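The primary structure of each chain is shown beneath.
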Amino acid sequence: MPIVRFSKFRHVFGTAAKPEDQYSDIKVTRTSWDSNFCAVNPKFVAIVVEGAGGGPFLVLPIEKTGRVGTNSSNYHVDGHTSPVLDLAWSPFNDNVIASASEDCTVKIWAIPNEGLSEPLREEAVKLVQHEKRALLVSWHPTAEHILASAGADNMIYIWKVDSAEVLVSIDCHTDLPLSISWNLNGSQFATTCKDKTLRVINPRNGKVIAEKEKAHEGNKSSKCIFLKTGKVFTLGFSKRCDRQYALWDPKSMDKALTHEEIDQAAGVLFPFYDAESDIIYVAGKGDTSIRYFEVNDDEPYVHYLNMYQSQNSQRGLGFMPKRGCDSNKNEIARLYSVVPNKMTGAIIPIKFVVPRACVHAYSPLFHRSQKGGNFPKDLYPPCISSTPALTAEEWFSGKDKNPIMMQMTADSGDGSTDRDFVKSNTRISTILSSSANTSRPISQVSTNGNGALAAALPEGLNIDELLEDIKKLKATVRKQGRRIAKLEAQLEEKAA
C-alpha cells in the first residue's frame with residue numbers, strides 16, 4: 001500500500017482504555033445485520049443489547065465506566081417491539097437519539113440531561129412509514145430536525161422529525177440500502193445498495209445525480225462515506241472476496257480515482273471519517289485491527305498511515321465527534337469498540353493520539369492558549385460544532401450552508417448542548433400548500449383529543465390510531481402505484 005512519508009499524522013497511534021475506564025458486563029446484541037450497534041457523543045454512549053420481548057438499547061453517561069451488570073435495565077431504552085438495527089445521536093442535541101428497528105418504525109428518544117435512572121419506554125416521536133424493517137438512520141449535517149431513514153422495503157424517507165412528517169420518499173433502490181452518508185452541507189447524500197450500485201442522490205427530490213453499477217463486484221456488504229471535498233470513499237469486496245477500497249468523483253463515475261485491495265479477510269468493513277484531519281478509520285466486523293488512511297489531492301489520493309492492533313475482535317464501533325476529543329492530550333480521534341464474549345461483552349474506548357515529539361513548538365501553526373499551555377493548532381483546525389446552520393424549513397426551501405465551526409482550543413469545551421426536544425405542529429407540506437393555493441381551504445386534524453374531529457368520533461375510537469392506520473394505507477397505495485408503473489413500463493418495452 002502507498003505510504004504518506006511526510007505527514008503530521010504519520011505516527012498516530014491508538015491506545016485502548018484501561019479496564020476501569022471500559023464499559024463491561026454488557027449483553028451485546030447478536031443481530032446479524034451489518035451495523036455499528038454503537039453511537040457516542042460527548043455526553044452519552046449507546047449500545048444495542050439483548051433483551052426479552054423487544055429491542056432495547058443501553059444509554060450510559062460517558063463518564064459512567066466500569067461494570068454495568070445487573071443494574072443495566074435501569075439504563076435501557078426499551079420501546080421497540082423487535083430488535084434495534086441502527087442508532088444515531090443528533091448532531092445538534094446531545095440528548096436526542098434516533099433508533100431504527102425490525103418492528104418497521106423509527107423512533108426519536110429524549111434522554112434526560114443527567115442520564116437514565118429507570119427504563120425509558122415512551123418515545124418523543126414515532127415515525128411510521130416503512131412497510132418492512134427499518135435498517136438505517138442518518139441525521140442531516142447542517143439542518144435541524146432532518147433525518148434520513150432506509151428500510152428493507154428499499155425505500156429512503158427524509159423526515160422532519162419534530163412534526164413526524166415525511167418530506168421526500170425516495171424509491172430509486174432496487175434492493176436493500178446498505179449505507180447512507182451526507183455530503184458536507186447536506187445538499188446530497190450517497191448510498192450503497194445490495195444491487196452493488198453506488199448512488200449520489202438529491203435529497204429534496206429523490207433524483208439520482210450520479211451512479212456507478214458494480215462499484216464493488218463482490219456480493220458482500222459495501223459501505224460509503226461522503227468526503228468534504230465532494231468525493232465518495234467506498235469499502236467493499238471483489239469477485240474473489242478480497243476486501244478493497246475505492247475513491248469516486250461524482251462528476252465522473254466511469255472510473256474510480258483509486259481502487260486498491262486491502263486483504264482477504266471475510267468481515268464487512270466500516271469507514272469512520274474525521275473531516276477536520278481528512279483521516280478515514282477502517283474497521284472490519286470480527287477484526288482485531290483498525291487501519292487509518294489520509295486523503296488528499298496527491299495521487300493516489302488515499303494514503304495508508306498505520307494500523308492499530310489488539311487481541312479483541314470487534315462486533316461494532318462508535319465514533320466520537322471531534323468536539324468530544326481531548327486536545328490537552330493531542331487526541332485526534334476516539335473510537336468505542338464493541339467487544340463480544342461468550343456471555344457478556346464490553347465497550348472499549350480507543351484513543352488515537354499524535355505523539356508530542358511530533359508536534360513542533362517552533363511551527364508557525366503552534367499556538368499558545370489563553371491558559372498559558374502549548375496548544376498544537378495545526379492538529380486542531382476549527383471543528384464542526386453542535387449549532388445547526390439551517391432550520392428544516394430553510395433547508396427544504398433550497399438553502400444550503402456549510403456546518404458552523406468551533407475552535408478546539410484547550411479551554412473551549414466540547415460544545416455539548418442541553419436543549420430539550422420540542423415537538424412542532426408546523427408541517428412543511430401545510431405551509432407549502434397554503435402558500436401555493438390560499439383560496440382553497442386546508443383540512444386540519446387536531447390530535448390533542450380536544451378538537452372537533454376527536455369529539456365527533458364514535459366512543460372508543462382513538463384518533464392517533466386512526467391517523468396511524470391512514471398512514472399505513474397511504475404507504476400501501478404508493479407501493480402499489482409504483483408496482484403498476486413498473487409493470488406498465490415493462491409492457492411498453494415488450495410492445496416496442
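The model shown is predicted, which means the values in this text are computed figures rather than measured ones.

1. Looking at the nonpolar core
- Residues Ile158, Phe189 and Trp395 are the most contacted members of the largest nonpolar core, which totals 25 residues.
- Elements with a minimum of two residues in this core: β12 (134-139), β13 (146-151), β14 (156-160), β15 (165-170), β16 (177-182) and α1 (392-396).
- The contact partners of isoleucine 158, leaving out residues within four places of it in the chain, are Ile146, Leu147, Ala148, Glu165, Val166, Leu167, Val168, Ile170, Trp182, Phe189, Pro203 and Trp395.
- Judged by nonpolar contacts, the second largest core, of 24 residues, contains Val12, Leu305, Ala333 and Val354.

2. So, the sheet that holds strand β11 (residues 125-128)
- Spatially, 4 strands are ordered β8-β9-β10-β11 in an open sheet, and the strand pairing comes out antiparallel. In the strand order of this sheet, the two ends are held by β8 (84-89) and β11, each with one partner. This sheet shows a mean twist of 20° between the axes of neighbouring strands, independent of strand direction.
- Direction of pairing for β8 relative to strand β9 (residues 96-101): antiparallel, over a ladder of 5 bridges. Of the residues in β9, the one forming a bridge with tryptophan 89 is isoleucine 97.

3. Considering unusual backbone geometry
- With omega at 5°, the peptide bond leading from glutamate 299 into proline 300 counts as cis.
- Tracing the backbone through its elements, the reader meets proline 300 in the loop between β26 (289-295) and β27 (302-309).
- Positive phi, normally seen in glycine, also occurs at histidine 145, with a value near 70°.
- Its place among the elements puts histidine 145 in the loop between β12 and β13.
- We note that cysteine 241 has phi near 70°; this positive angle belongs to a residue other than glycine.
- By secondary structure assignment, the location of cysteine 241 is in the loop between β21 (232-237) and β22 (243-248).
- By relative accessible area, which is 39% here, cysteine 241 ends up partly exposed.

4. Notes on a positive patch on the surface
- There is a patch of like positive charges on the surface, built from Arg427, Lys471, Lys474 and Arg478.
- The residue lysine 471 is located in helix α4 (residues 463-495) in this model.

Quick notes on the rules
- Residues numbered from 1 in each chain as written.
- Predicted model: local features only at pLDDT ≥ 70, side-chain atom pairs only at ≥ 80, totals over all residues.
- Heavy atoms only, no water.
- Core = buried A, V, L, I, M, F, W, Y, C linked by side-chain atoms within 4.5 Å.
- Buried < 20%, exposed > 50% of the residue type's maximum accessible area, 1.4 Å probe, protein only.
- Helix = DSSP H or I, 4+ residues; strand = E, 2+ residues; numbered from the N terminus.
- Contact = heavy atoms within 4.5 Å.
- Pairing = 2+ DSSP bridges.
- Axes fitted to C-alpha atoms, helices over the stretch in contact; angles between N-to-C directions.
- Patch = residues over 30% accessible without salt bridge, like charges linked within 9 Å, V, L, I, M, F, W, Y side chains within 5 Å.
- Areas by Shrake-Rupley, 256 points an atom, 1.4 Å probe, with all protein chains shown as cover.
- Salt bridge = Lys/Arg side-chain N within 4 Å of Asp/Glu carboxyl O.
- Lys, Arg positive; Asp, Glu negative; His and termini not counted.
- Charge placed at Lys NZ, Arg CZ, Asp CG, Glu CD.

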